[in-house]
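Residues per chain are reported as follows:
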Amino acid sequence: MAALSVSDLVAGYHNRPVLHGVSLDIEPGTMAALIGPNGHGKTTLLKTVSGLVPARSGAIRIFGQAIETAMVHERVAAGLVHVPQGDQLFGEMSVEENLRMGAYLRSASEVPGALEEVYAFFPRLAERRGQSASSLSGGERRMVGIGRGLMAGGKVMMIDEPSLGLAPLIIEQIYEGLRGLSRADRAFLVVEENPSRLIGIADRICLMDAGRIEWSGTAAEVAGSRDILETYLGGH
Amino acid sequence: MDIVIQIVVTGTTLGAMYALAAVGLSLIFGTLGMFNMAHGLFMTIGAYAAYAAAGQLGLPLVAAVVAAMAAGAAMGVATHLAMVRFMLRSKAFETNVIVATAGLAILLQDFVLKLFGGYPYPQPVRVEGVVRLFDVAVARQSLVIVAVALVLIGAVAWLLLKTRFGMAIRATAINREAAQLMGVRTNSVYLQVMALAGALAGVAGVMISSLSTLSPSMGGDPLLKAFVICVVAGLGNAWGAGVAAFALGLLEAAIQYYVGVRFGFPVMLLLVIAILIWRPQGLFGTEKVVRL
């Protein structure tokens, strides 16, 4: 059974449809990457899956459970985690309060263990735990955003552009980290602009264009397919 | 020296009443992004609820204060369920809701007038007597007002800072979408904030009427002052509102004594204008006002 299964999803804003029937399956224990030009629905897909944007038609399932009509908080309870674009941290709260908010739906007894895991993962955050989130650097903010998502202990984690605006060294650290988080009962969907970063990390790469998944395959297949690269990604 | 003590007592009492009103108003603004024009009527209805409970039903004073809180909370909940929640998603929410709550205030004021009449009843929920503080006679009721305000505001601060419930309120105020993604039911949070702020307003109404009298229009002046306090503190900043309330209460008492009673509010407003020219975001505000 797929960890996340999206079929024929149609959604958009007001009278402007952005997703024109997106279908996507992510198996447990794998990481899928969503690539493609800006403004073609990657972020909208994530927002529709998490419920911030209502779906007009189509189905969304998490480990078989249909969630397309559920409220946002019900989807979180079902195990879906969405780390949004631009971090969206709680700026006036401390790093630790942000992380605790990530575990909002978990029982209090699970929180200390989850915190320890995230701090072990991003030791930098342990040093900054009392600092307000708004005073952090871009890389640290991203760590809090991802760490806050990890705190939920979810089964499907979607991360919108973990590398956006970060220095290459930090991007490498973050992807290195994500690879380490891979577990048999968990799946990842990562949005990325630059597919070369995903080689050796993502199990599957899905190319999104004009509101549809145009192509999907392994990272090696992307690298081997000059057509795909040249048509959609300007020959990078 | 006696005069200074007298001013401090009067100013702290004023500040305590303003704080009860302003903290609730600020919580609503910070969380829902709305300026609640009906907040004054929440105070009025709280005051009349206490009057009815103690004066007409003969309940003990503490029960009457609880009745005021319940009435205020019920008003907050009803306002949200019957009106605000339908407007939240609209584009011009911030202006629409001002007009809507102002209309509600007029309606409620007429309702209170119809039910109780316009006679300026004294508030039975008060403590009589005087204590001597450094040779100055201080009304026990003043001390009660300050104590009640400090306890309630302390309780709200504890709630917001130390509990899961408070964390959800703060998270929703800072970033509604992100709070939703954490699993917070933001619609429930709005309802809870309206109830909490309504309860504080209900108590504020009891306290205010205990120093003057009841009247259907008694909420207008405190609403205006609470609004001024929220703006000075930085809209949506509940701590700032509490601090600014006491500061402006003391200032008003001092001006009333040294310059004249009728200059209290005008001088306060002048000062507010000066502060806002110097710091447009308010004394404790950050650059961006919390939006919805």
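Everything that follows concerns the structure shown earlier in this document.
Residues numbered from 1 in each chain as written. Chains lettered and ligands numbered in written order. Predicted model: local features only at pLDDT ≥ 70, side-chain atom pairs only at ≥ 80, totals over all residues. Heavy atoms only, no water.

1. Comments concerning the overall build of chain A
The helix and strand tally for chain A stands at 9 helices and 10 strands. Along the three orthogonal principal directions, the C-alpha set of chain A runs to about 50 × 40 × 35 Å. For chain A, buried positions account for 51% of its 236 residues. At a minimum sequence separation of 6, the contacts of chain A that also span at least 24 residues come to 67%. Of the side-chain charges in chain A, 22 are positive and 27 negative, and the distance between the mean point of each set is 3 Å. (Helix = DSSP H or I, 4+ residues; strand = E, 2+ residues; numbered from the N terminus. Buried < 20%, exposed > 50% of the residue type's maximum accessible area, 1.4 Å probe, protein only. Contact = heavy atoms within 4.5 Å. Lys, Arg positive; Asp, Glu negative; His and termini not counted. Charge placed at Lys NZ, Arg CZ, Asp CG, Glu CD.)

2. Quick notes on the packing of aromatic side chains
Evaluated as defined, the whole model comprises 8 aromatic pairs over all chains. Seen in terms of ring centroids, Phe121(A) and Phe122(A) are 5.1 Å apart; in terms of plane orientation they differ by 90 degrees. Their pairing is edge-to-face. Here Tyr48(B) and Tyr51(B) contribute two aromatic rings whose centre-to-centre distance is 6.4 Å and whose plane-to-plane angle is 80 degrees, an arrangement assigned as edge-to-face. Of this pair, Tyr48(B) and Tyr51(B) are both found in helix α2 (residues 39-56), 3 residues apart, which corresponds to roughly one turn of the helix. Residue classification places Tyr51(B) among the buried residues on the basis of a relative accessible area of 10%. (Phe/Tyr/Trp six-rings, centres within 6.5 Å; stacked < 30°, edge-to-face > 60°.)

3. Considering the nonpolar core
Core analysis: the biggest nonpolar cluster contains 102 residues, and Phe90(A), Met101(A), Leu20(B), Leu32(B), Met34(B), Val184(B) and Ile229(B) have the highest contact counts within it. Counting residues per element, this core draws most heavily on helix α1 (residues 2-32) of chain B, at 14 residues. Beyond its immediate stretch of four places on either side in the chain, Leu20(B) contacts Ala149(B), Leu152(B), Ile153(B), Leu200(B), Ala201(B), Val203(B), Ala204(B) and Met207(B). (Core = buried A, V, L, I, M, F, W, Y, C linked by side-chain atoms within 4.5 Å.)

4. Section: the interface of chain B and chain A
Opposite the 18 residues of chain B that make contact, chain A presents 21 residues. Carbon and sulfur atoms supply 65% of the area buried between chain B and chain A, which totals about 2,000 Å² over both sides. Note that Arg170(B) is salt-bridged to Glu97(A), the shortest N-O span being 3.1 Å. Seen at the junction of chain B and chain A, the total is 3 residue pairs in polar contact (both at pLDDT 80 or more). Secondary-structure elements contributing two or more residues to the side of chain B that touches chain A are α6 (164-174) and α7 (176-181) of chain B. Ranked by residue count, the leading element in the side of chain B that touches chain A is α6(B), at 6 residues. (Buried area = accessible area lost by both parts, 1.4 Å probe. Salt bridge = Lys/Arg side-chain N within 4 Å of Asp/Glu carboxyl O. Polar contact = N/O pair within 3.5 Å; in protein donor to acceptor, adjacent residues only side chain to side chain.)

5. A short note on the sheet that holds strand β9 (residues 204-209) of chain A
Residue and element names in this part refer to chain A. Taking strand neighbours across the sheet as the criterion, the 6 strands line up as β6-β7-β8-β3-β9-β10 in an open arrangement whose pairing is mixed. Only two strands of the sheet have a single neighbouring strand rather than two, namely β6 (80-83) and β10 (212-217). Between one strand and the next, the sheet's axes are offset by a mean angle of 20 degrees, whatever the strand orientation. The pairing of strand β7 (residues 156-160) with strand β8 (residues 187-191) spans 5 bridges and is parallel. Each bridged residue has a counterpart across the sheet, and for Met158 the counterpart in β8 is Leu189. Where helix α1 (residues 42-50) meets the sheet, it contacts β3 (31-35), β6, β7, β8 and β9, and its direction lies at approximately 145 degrees from that of β7. (Pairing = 2+ DSSP bridges. Axes fitted to C-alpha atoms, helices over the stretch in contact; angles between N-to-C directions.)

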